[in-house]
Each structure stands twice: as C-alpha cells, then as structure tokens.
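# Residue-level structure breakdown
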Amino acid sequence: MIDALQFGFMRNALLAGLLVSIACGIIGTLVVANRLVFLAGGIAHAAYGGVGLALFAGFSPFLGAMGFSLVMAVLLAALTVKSKNRADTAVGVLWAVGMALGVILVDLSPGYRADLMSLLFGSILTVSSRELWMMGGTTAVVAATVALKYRDLLVLSFDPEFAATRGVRVARLHTLLLLLVAAGTVVAIHAVGLILVIALFTIPPTLAERSCRSLAGMMAVATAWSALFTLIGLDLSYRLNLTSGATIILVAAFAFFLASVRGAKKRGGI
Amino acid sequence: MESPLYDIELENVRFAYNGSGPVLDGISLAVRPREFLAVLGPNGGGKSTLLRVMLGILEPQAGKVSLLGRPPLESVRQVGYVPQDANTNRGFPVSVEDVVLMGRFEGGRGSWSPSAKDRAAVEGAMERMGIGHLRRSRIGELSQGQRQRVAIARALAVEPAVMLLDEPTASVDLQTQAALYDILGELNREITIVMVSHDLTALTSYATSVACVNRTLFHHDRAELTGDMVQAVYGSCPVELIAHGVPHRVLQRHDHD
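Anyway, here's the lowdown on the structure attached to this text.

Basis of the calculations
- Residues numbered from 1 in each chain as written.
- Chains lettered and ligands numbered in written order.
- Predicted model: local features only at pLDDT ≥ 70, side-chain atom pairs only at ≥ 80, totals over all residues.
- Heavy atoms only, no water.
- Helix = DSSP H or I, 4+ residues; strand = E, 2+ residues; numbered from the N terminus.
- Buried < 20%, exposed > 50% of the residue type's maximum accessible area, 1.4 Å probe, protein only.
- Areas by Shrake-Rupley, 256 points an atom, 1.4 Å probe, with all protein chains shown as cover.
- Core = buried A, V, L, I, M, F, W, Y, C linked by side-chain atoms within 4.5 Å.
- Contact = heavy atoms within 4.5 Å.
- Pairing = 2+ DSSP bridges.
- Axes fitted to C-alpha atoms, helices over the stretch in contact; angles between N-to-C directions.
- Phe/Tyr/Trp six-rings, centres within 6.5 Å; stacked < 30°, edge-to-face > 60°.
- Patch = residues over 30% accessible without salt bridge, like charges linked within 9 Å, V, L, I, M, F, W, Y side chains within 5 Å.
- Salt bridge = Lys/Arg side-chain N within 4 Å of Asp/Glu carboxyl O.
- Buried area = accessible area lost by both parts, 1.4 Å probe.
- Polar contact = N/O pair within 3.5 Å; in protein donor to acceptor, adjacent residues only side chain to side chain.
- Nonpolar A, V, L, I, M, F, W, Y, C, P; charged D, E, K, R; others polar.
- Parallel < 35°, antiparallel > 145°, perpendicular 65-115°, else oblique.

This next bit is on the overall build of chain B. In terms of helices and strands, chain B carries nine helices and nine strands. For chain B, the residues scored as buried account for 53% of the 257 residues in total. Total accessible area computed for chain B in this model is approximately 11600 Å², and 46% of it derives from carbon and sulfur atoms.

Structure, rendered in structure tokens:
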C-alpha cells in the first residue's frame, strides 16, 4: 500500500482512519463500559434522518447528521435516564423513525441524490480536506470533554448509584455521554457509514477490555486495535477493490472471532 | 450550625416507581446519631428502595426526607453507601485502588484529582478492610468476598458521618462477615449505621434498633422483633423467619417482661 500513498486521497483516507480510530476508541469504550450499545446503535441509525433533512433543505449531510443525532441523543437521554433497560422499546422506535424520516425526505428532495450509499456504508477514500478538518475538530472536542470529565465518567460508568452519592449529576452526565456518542458517530460515519459504525464502537473496546486496568488504558488500546483494523481493511479494499467500510468491519469481526475462540480455549472450553 | 436531633428523618414518605403501586407508603422514621438500625423485611418489601430514598437517589412522591438535617442531595457526600450487589460490573477495567478512590471523589464541580489527604484516606480504608495487597488487582480478578470488602472500603474512604449498607453480608464468606461486623461495631461508636440485612445475628450483637419494611414500616427502638412486627411484615409465614435460625434473644419475650 506504500505506493498508494502517492495519491492524496490515500493520505486523506489514512488520516481519516486515524481520527475515526481515536473517536471510536474513546467513545466505544464508554459505550461498552456503560452497556449503551443499543442506544448508540439507535443514535447512529437515527442520524440518517438528519442526512435526509440536509438533502431536502440543501445543506451539508455531515452537519445534518451531526445536528440530528445530537437532538436524538438529548431525547434518548431523557427517555433512558431512569432505567437504561426498560426504555429499549422507545429506543427501537426512534431508531426506525429516524431512518424512515431520512428515506422519505430523500424521496422528497429534488434532483440528484448524492451518493447516499457512502453515508450508510462509509467512503473513507473520498474524504475531502474540509471533512478532515471537521472530523479532527469533532474528535478534539470529544477527547477534551472526556479528559475533563474523566473521573465523573469513570465513577458513573462503574456504579451509577454510588456516583449519585458522590454528587455526580447522573442525569446530566448521562446526557453528556449520549451527546459524545452522537459526536463520535458522526466522525465514524466517514469511515464505515452509519449502519456499520456500531461494530467499531464495540469490537475494539471489547478486545481491549480484557487486558486493561483503567478506562483510559482501555481507550488507548481500543484506539490501537481500531487503527490496525482500519489500516488492514483499507489495504485489503485497495488491493481487492472492495468497499472500504465493509472490509474494515470484516477485518475487525475476524479479529473478534479469533479472540473469542482463544478466550474459550483459555477457559478450557475446547 | 446547630446539629440536628436526628441523622435521618423521614416523614410520611410515599414512593412508587413509574406507573406502579407504591413500594413505600406512609413511612415515618427517625434515626438518632450513633444509632445502629437494622432494616429487615421480605424480598421486594422496599428495603433497598428505602435506602435510596434516604440517599436522595430516589425522590419520593410525597413526604419529607432529611439527611444530617438537610435535603439528602446536599448532605449525601457525607454518607458511605454500600450498594447491594458488588458483583455486577466484574469485567470493568478498574483497579481496586481506583474503586476505593471513588469514595473520595467529589462530583459536580468541574475537574477533580485526588489530594494527599484523599490518598491517605484510601490507604486507611484498604488497610482496615485487609485489601492493601490487592490494590493493583483488577476488580474482576477478586473473589466475591474480596469485592465486597472493596465496596465497604470505598464507603469507609468517604470518612462518613452515616453509613448505609444494603445486605453487605449476602455474598461473603463467614470470615469476611465476622470482620465486617467487628468493623461496623467499632465504627458505630462514632457514626450512625443503617444496615439492610437478612442476617439476624447482626441484629443480636450490634443493632440498637430495628425496623421492618414491607411497604409500610415498623420501627422498634430496641433491637428486638415483636410478634406484631413479624406478623405484619412477613404476613402469613413467620415460620420462614424462625427457620432461618433466629436467636431467641431477638424475639420479644411474651410473658416474663
């Protein structure tokens, strides 16, 4: 792939992959630790409503997805703060409503339908410099927020009830957490698209969790796994002319499978 | 500030989870400083809910709660809370030391990092619970009993004025149980303790008062169960309670006194 680096788009793709890996390493760790996988999936899919809205009203789909998923995060936070588990019906409904709204708005939009497949399944090879800046900015905001609120997030993630007795405003922090998930989703959309993003949120952190003694460590290791999967996936998709997002996910899934088999063997299962 | 007469005070409290019948109803209770209150009651009778209401984690639909003379959320940081299950989040990437340090954490004020005093409190709490050698261990590597010790150390690190414990001996070995009771007895000389428990041995040796919760509450100022309480709280099967091996001292003597 070294020779491919002479192309600007390939350099952009690698940089985008790195940014996505950082965002997914940080956010995915919080998603896995707080058992928010279903909620994160809901936010990511509902973001399509924002894409539709953006096309309909004629502004950037990136901004549309960002705005819509942030609103969705606030809504879902309000619905789920009391009981994370019992709200799963509401999450499922909003998940589908967001997507359906997106499809209808795209139907209603006049003329040329931008390459929607790239938003659904990612197109890391066509990331522009402007998009890179937006991704970089969003990732920086996410990383800074998590760094500032690290202890709060740690105490909340480990034991929300105890966190409440230490003065953590649980409802507020839960909302912040979902807003961060929304921001992370929008960054990751570029690499793997909004349908596949959930895999990058879950696989690298789950691989990292087993070996780490701190949330920060887990974020770092998850970022490294994510970067490795993105790199290998990108290379394979370049050589074999495959869709990059899906290739990245299958590489991650393969590693997950290997780790699971190894884990089962270690426990004496096989 | 004038110190309040009671550490915990509930007046006519009613609590219901969303859309269901009340779990707690018409609860009034006052816990004096340095009281050791044992809270008994059947499963699902509202014992854990009662603790959460005392802490301000749950807000009652009716009635008034005060903790150390103030609304619970204002004073809750002076409380050491040991939640019911220390074994739920086992895969979590965190060391024993960092869990105990959570007892020193102060949320809701921007960024926080531990001071030397915080570190010392954490050391003391780990020492007291005999888990100092496990400090670097991942929480998932510990046994159930060890994890329970960590949860208690975390509450001790608070240097609490009041300790609320939710079935702290439910999943631990006898040795840890004995150690825990010793520590609680010692702490009780200085601080108030409220403990939800199924274990009536604790009641005989350490509790100074007892409350039975089953939606409503019966409070008894001495560490004994009256027949009325057992009847009202456990309903038709007090036998189950007796069969657990209730030491007879716990039950009120009917004739002699």
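So, about the nonpolar core. Counting 110 residues, the largest nonpolar core has Val100, Ile131, Met163, Leu184 and Ile193 of chain B as the members making the most contacts within it. Counting residues per element, this core draws most heavily on helix α9 (residues 170-209) of chain A, at 19 residues. If sequence neighbours within four positions are ignored, Ile131 of chain B has contacts with Val96, Val100, Met126, Arg149, Val150 and Ala153 of chain B. Ranked by size, the runner-up nonpolar core spans 29 residues in total, among them Ile8, Leu24, Ile27 and Leu217 of chain B.

All names here are of chain B. Strand order across the open sheet formed by six strands is β5-β6-β7-β3-β8-β9, with mixed pairing between neighbours. At either end of the open sheet lies a strand with only one pairing partner, and these are β5 (79-82) and β9 (216-220). Strand-to-strand, the axes of this sheet are offset by a mean angle of 15 degrees, without reference to chain direction. Across five bridges, the pairing between strand β6 (residues 162-166) and strand β7 (residues 192-196) is parallel. The residue of β7 that forms the bridge with Leu165 is Met195. Sitting on the sheet, helix α1 (residues 47-55) touches β3 (36-40), β5, β6, β7, β8 (209-214) and β9, and the angle it makes with β6 is about 155 degrees. In the packing of helix α6 (residues 174-187) onto the sheet, contacts are made with β3, β6 and β7, and the angle to β7 comes to roughly 145 degrees.

This part covers the sheet that holds strand β1 (residues 8-16) of chain B. One key point about sheets: their strands pair by backbone hydrogen bonds, in either a parallel or an antiparallel sense. Residues and elements named next belong to chain B. An order of β2-β1-β4 is seen for the three strands of this open sheet, with the pairing classed as antiparallel. Each edge of the open sheet carries a strand with a single partner, namely β2 (22-31) and β4 (62-67). Here the strands of the sheet are splayed against their neighbours by 20 degrees on average, with no regard to which way each runs. Where β1 and β4 come together, five bridges link them in antiparallel fashion. Pairing of Arg14 across the sheet is with Ala62, part of β4.

Looking now at the packing of aromatic side chains. All names here are of chain B. Considering all chains together, one arrives at six aromatic pairs over all chains under this definition. Judged by centre distance (5.3 Å) and plane angle (75 degrees), the rings of Phe105 and Trp112 are edge-to-face. For Phe105, a relative accessible area of 1% puts it in the buried group. With a relative accessible area of 13%, Trp112 lands in the buried category.

Let us look at the environment of Gly58 of chain A. With respect to the helices, strands and loops of the structure, Gly58 of chain A is situated in the loop between α2 (37-57) and α3 (61-80). In this structure the C-alpha to C-alpha distance between Gly58 of chain A and Ser109 of chain A, which are 51 residues apart in sequence, comes to 8.7 Å.

Let us now look at a nonpolar patch on the surface. Residues and elements named next belong to chain A. Taken together, the side chains of Trp225, Leu228, Leu231, Ile232, Leu236, Leu240 and Leu242 present a nonpolar region at the surface, about 580 Å² in accessible area. Within the secondary structure, Trp225 is located in helix α10 (residues 215-240). Given the relative accessible area of 31%, Trp225 is considered partly exposed.

Let's shift gears to the interface of chain B and chain A. Every contact between the two is made by 37 residues of chain B and, on the other side, 26 residues of chain A. Carbon and sulfur atoms supply 55% of the area that chain B and chain A bury against each other, a total of about 2800 Å² over both sides. Inspection of the region where chain B meets chain A yields three salt bridges. Note that Asp159 of chain A is salt-bridged to Arg154 of chain B, the shortest N-O span being 3.0 Å. Counting across the interface, chain B meets chain A through 14 residue pairs in polar contact (both at pLDDT 80 or more). Listing elements by their share of the side of chain B that touches chain A, those giving two or more residues are α1, β5 and α3 (96-101) of chain B. With three residues, α3 of chain B is the single largest residue contributor to the side of chain B that touches chain A. Across the side of chain B that touches chain A, the residue classes tally to 17 nonpolar, 11 polar and nine charged.

All names here are of chain A. Relative orientation of the contacting elements helix α7 (residues 150-158) and α9 amounts to 105 degrees, with a least axis distance of 11 Å. As summarised for this structure, α7 and α9 are arranged roughly perpendicular, according to the angle between their axes. In this structure, α7 uses Asp152, Leu153 and Leu156 to contact α9, whose residues at the interface are Val170, Leu173 and Leu177. Each residue belonging to the contact of α7 with α9 can be placed in one class, and the counts come to five nonpolar, no polar and one charged.

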